[in-house]
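# Descriptive structure summary
One letter stands for each residue in the lines below.
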Amino acid sequence: MNAEIGIIGGTGVYDQSAFENIKEISVDTPFGKPSSEIILGEFEGKKVAFLPRHGKGHVFSPTNVPYRANIYAMKKLGVHTILSIAAVGSLKEEIEPLDIVVPDQIYDRTKHRISTFFEDIVVHIGFANPFCKRTSRLICETARKLNFKVHEGGTYVCIEGPQFSTKAESQVYRALGFDIIGMTALPEAKLAREAEICYATIATVTDYDVWKESEVDVATVLEYMAKNEEKVKTLLREIIPKIEGDDSCECRNSLRYAITTSPDKINE
Ligand code: ADE
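Read on for an overview of the structure. (Residues numbered from 1 in each chain as written. Predicted model: local features only at pLDDT ≥ 70, side-chain atom pairs only at ≥ 80, totals over all residues. Heavy atoms only, no water.)

## Digging into the pattern of salt bridges
Under the definition given, this model contains 18 salt bridges. Of the charged contacts in the structure, one is a salt bridge between lysine 190 and aspartate 108, with a shortest N-O distance of 3.3 Å. Of the two residues, lysine 190 is situated in helix H4 (residues 185-194) and aspartate 108 in strand S7 (residues 105-109); the sequence distance between them amounts to 82 residues. A residue is classified by how much of its surface remains accessible, and lysine 190, at 23% relative accessible area, is partly exposed. Classification of aspartate 108 as partly exposed rests on a relative accessible area of 34%. A salt bridge links aspartate 246 to arginine 134, with the shortest nitrogen-to-oxygen separation between them at 3.9 Å. (Salt bridge = Lys/Arg side-chain N within 4 Å of Asp/Glu carboxyl O. Helix = DSSP H or I, 4+ residues; strand = E, 2+ residues; numbered from the N terminus. Buried < 20%, exposed > 50% of the residue type's maximum accessible area, 1.4 Å probe, protein only.)

See the structure below:
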């Protein structure tokens, strides 16, 4: 086993100074190469794999991130838990820029992404609770201990991007009660569940989306992303030693209860 914990996020959250035995490896998968080489390192006895979601130099748009290769590579390395770090917009007044949100639901508004590993057979897994409850709870408890403002739960609406939303869309999402908006939680969360990997998101708020702002100001988003990086690094240092793989977690047994058919079976 090369790694137990996977971290998918921006390069800024990779804290080289905190890790030992660092090496960069190239991983091949049946779905091509992941977004970039993967950095392996150890922190307080835990083996961690870092992957910048958008590649080195932010070369993949949210649509073109090789999500299947990324999750497959994590599985191949032996990862049991993925922490996803994601910048999001806020759809609620009380969720302020620089807050942390640990969502418990997702609403899918993506359009051009392959969201399953299973192409030759049909596999229906349960996805009612898209995030790992155990890992999400741990993130919230740890963030609160650090006195970070954290919102436990909330619905993440995942849009296709790369454009931000129109005002009409943003207002509809608010009317539907959604909390935060981003472009990358899907299909990542679905693929992690198919791969039986626990998956939780640390969403860092960068803006109020266009229901409140005249436009999403990209310069401010980048400025707030940089500000959030230090916070995320501190949070990761506290969380990583506490993460334990749990074979009995629902996320780790998704295929046991899946409904599966294959062309062979249908022709029998
Ligand atoms: N990522 C950061 N802010 C966002 C927003 N307002 N909409 C979609 N994705 C985002």
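## Topic: helix H1 (residues 67-77)
In an α-helix, one turn spans 3.6 residues; hence positions three or four apart end up facing the same way. Extensive coverage of H1 is indicated by the burial of eight of its 11 residues. Those residues of H1 not exposed but buried are Tyr67, Arg68, Ala69, Asn70, Ile71, Ala73, Met74 and Leu77. Following H1 by one or two positions, glycine 78 has its phi on the positive side, about 100 degrees.

## Brief notes about the layout of surface pockets
Its volume calculated, the largest pocket comes out at about 890 Å³. Surrounding the largest pocket, 39 residues form its lining, His54, His58, Ala87, Val221 and Met225 being those nearest its centre. When residues in the lining of the largest pocket are grouped by element, the largest group, eight residues, is from helix H6 (residues 218-239). Across the lining of the largest pocket, the residue classes break down as 18 nonpolar, 16 polar and five charged. (1 Å grid on protein atoms, 1.4 Å probe; cavity = no way out; pocket = protein on both sides within 12 Å on 5 of 7 lines; lining within 4 Å. Points joined across faces, edges and corners; volume = space filled by probe spheres on them. Nonpolar A, V, L, I, M, F, W, Y, C, P; charged D, E, K, R; others polar.)

## Describing H6
Under the 1.5 Å per step criterion, the end-to-end length of H6 is 30 Å for 22 residues, consistent within 8% with the ideal 32 Å. The largest bend along H6 reaches roughly 25 degrees and is located at glutamate 229. If you check which residues of H6 are buried, you get Val221, Tyr224, Asn228, Val232, Lys233, Leu235, Leu236 and Ile239. If you follow the buried residues of H6, they end up packed against strand S1 (5-9), strand S5 (81-90), strand S6 (100-102), helix H2 (133-145) and strand S12 (198-207). (Expected span 1.5 Å × (residues − 1). Bend = angle between axes of the 7 residues up to and from the residue. Contact = heavy atoms within 4.5 Å.)

## Description of the site of the ligand
Surveying the vicinity of the ligand reveals the residues Ala87, Val88, Gly89, Ile159, Phe164, Ile181, Gly182, Met183, Thr206, Asp207, Asp209 and Val216. At a separation of 3.3 Å, a nitrogen atom of the ligand approaches a polar backbone atom of alanine 87. Aspartate 209 has a polar side-chain atom sitting 2.8 Å from a nitrogen atom of the ligand. In isolation the ligand exposes 260 Å². Once the protein is present, 94% of that is buried. Comparing atom positions with the cavity grids shows the ligand to sit within the largest pocket. Sort the elements by how many residues they give to the shell around the ligand and S5 lands first, with three residues. The residue inventory of the shell around the ligand, partitioned by class, reads seven nonpolar, three polar and two charged. (Near = heavy atom within 4 Å. Polar contact = N/O pair within 3.5 Å; in protein donor to acceptor, adjacent residues only side chain to side chain. Areas by Shrake-Rupley, 256 points an atom, 1.4 Å probe, with all protein chains shown as cover. Sits in = over half its atoms within 2 Å of the grid points.)

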